[in-house]
Amino acid sequence: MTALKSIGIVLLILLLLLLLRVGVVVDFGETLCVRLRVGPVKRTILPKKKTEKTNEAEKMPQTEEKPKAARQRKLPKLSFAEWRDLARTMLNALKRTLRRTCKRTRIDPLELSVVFAGGDPAEVAQTYGYANAALWTLMPNLEELFDIPKPSIYLGTDFEKSETSAKGTVGVSLRVCDLLAILLTLAMPVRRWFLRYRRAHQNDPQPTATSAVKETEKTEKRTA
């Protein structure tokens, strides 16, 4: 009897964990804030509070890291068409197998504001057109799949600014059992997409050490 009670308690705890609702809320714009929710518990993941150890580490002299030579084959960044192919692959997989599960996934709030800008007005207008096409293509499918009570998305252009800006708040919550089901369903389609992507770029020329240094300098300037 004691063993049966122990098994029953374990199964009950497992059931409660599977039915537990977890979620994350992301605020981005001038600053990035990520809050994790596990049942009634809420915790801010980003920005992290600085501790004494991190302050000591910041005071220590840091040695400059030399960029590694391009020995390993690196895949290029995803293009707009490849991002769209990945999104369609994931949506098709979810449509076929997890319609009910996804419907229990709540995306709330969904508030996005993107203003496209840049030095070339033609390029800005083209990017804005691509973004609108992607929005009108994907949003109806997303609203059909997920529970999105109040979506608010704004796309605009500003030819006087030099950089594109984006801000908003996105929250996603679902049960642990639904999360596991979604991950298992997406595993094989995403793997097949990655294999297609890798085959498409297997003959691309690899960056040299000089180009790797230039790319590192560009990244440092953006983050500075």
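In short, a report on the structure. These figures come from a predicted structure and were not determined experimentally.

Points about the pattern of salt bridges
Here's step 1: Counted according to the given criterion, the structure contains four salt bridges.
Here's step 2: Here Arg-104 makes a salt bridge to Asp-178, at a shortest N to O gap of 2.8 Å. With Arg-104 in the loop between helix 4 (99–103) and strand 4 (106–116) and Asp-178 in helix 6 (residues 176–200), this residue pair connects regions lying 74 residues apart in the sequence.
Here's step 3: Relative accessible area serves as the criterion here: at 37%, Arg-104 is assigned to the partly exposed category.

Observations regarding helix 6
Here's step 1: Along its 25 residues, helix 6 runs 35 Å from first to last C-alpha, staying within 8% of the 36 Å computed at 1.5 Å per residue.
Here's step 2: By the burial criterion, the buried members of helix 6 are Asp-178, Ile-182, Thr-185, Leu-186, Pro-189, Trp-193 and Tyr-197.

Focus: the sheet that holds strand 3 (residues 41–46)
Here's step 1: Strand order across the open sheet formed by six strands is 3-2-1-6-4-5, with mixed pairing between neighbours. Strands with a single pairing partner mark the edges of an open sheet, and in this sheet they are strand 3 and strand 5 (151–157). Strand-to-strand, the axes of this sheet are offset by a mean angle of 15°, without reference to chain direction.
Here's step 2: Note: strand 1 (residues 21–28) against strand 6 (residues 165–175), eight bridges, orientation antiparallel. In the sheet register, Asp-27 faces strand 6, and the bridge partner there is Thr-169.
Here's step 3: Its contacts with the sheet place helix 5 (residues 121–145) against strand 4 and strand 5, and it is angled at close to 165° to strand 5.

Brief notes about a nonpolar patch on the surface
Here's step 1: A contiguous nonpolar surface patch, about 440 Å² in accessible area, is contributed by Leu-32, Leu-36, Val-38, Val-41, Ile-45 and Leu-46.
Here's step 2: Elements with a contribution of two residues or more to the nonpolar patch: strand 2 (33–38) and strand 3.
Here's step 3: The biggest single contributor to the nonpolar patch is strand 3, with three residues.

Comments concerning the environment of Glu-163
Here's step 1: Checked against the element boundaries, Glu-163 lands in the loop between strand 5 and strand 6.
Here's step 2: Between the alpha carbons of Glu-163 and Ala-117 there is a distance of 5.1 Å; along the sequence they are 46 residues apart.

Section: the pairing of strand 4
Here's step 1: The sheet contact formed by strand 4 and strand 6 spans eight bridges and is antiparallel. Residue pairing in the sheet places Leu-110 in a bridge with Val-170 of strand 6.
Here's step 2: Judged from the seven bridges that link them, strand 4 and strand 5 form a sheet pairing that is parallel. Bridging from a neighbouring strand, Val-115 pairs with Gly-156 of strand 5.
Here's step 3: At this point the chain moves from strand 4, through helix 5, to the parallel strand 5, and the crossover so formed is right-handed.

Criteria and cut-off values
- Residues numbered from 1 in each chain as written.
- Predicted model: local features only at pLDDT ≥ 70, side-chain atom pairs only at ≥ 80, totals over all residues.
- Heavy atoms only, no water.
- Salt bridge = Lys/Arg side-chain N within 4 Å of Asp/Glu carboxyl O.
- Helix = DSSP H or I, 4+ residues; strand = E, 2+ residues; numbered from the N terminus.
- Buried < 20%, exposed > 50% of the residue type's maximum accessible area, 1.4 Å probe, protein only.
- Expected span 1.5 Å × (residues − 1).
- Pairing = 2+ DSSP bridges.
- Axes fitted to C-alpha atoms, helices over the stretch in contact; angles between N-to-C directions.
- Contact = heavy atoms within 4.5 Å.
- Patch = residues over 30% accessible without salt bridge, like charges linked within 9 Å, V, L, I, M, F, W, Y side chains within 5 Å.
- Areas by Shrake-Rupley, 256 points an atom, 1.4 Å probe, with all protein chains shown as cover.
- Right-handed = clockwise from strand over helix to strand, strands pointing away.

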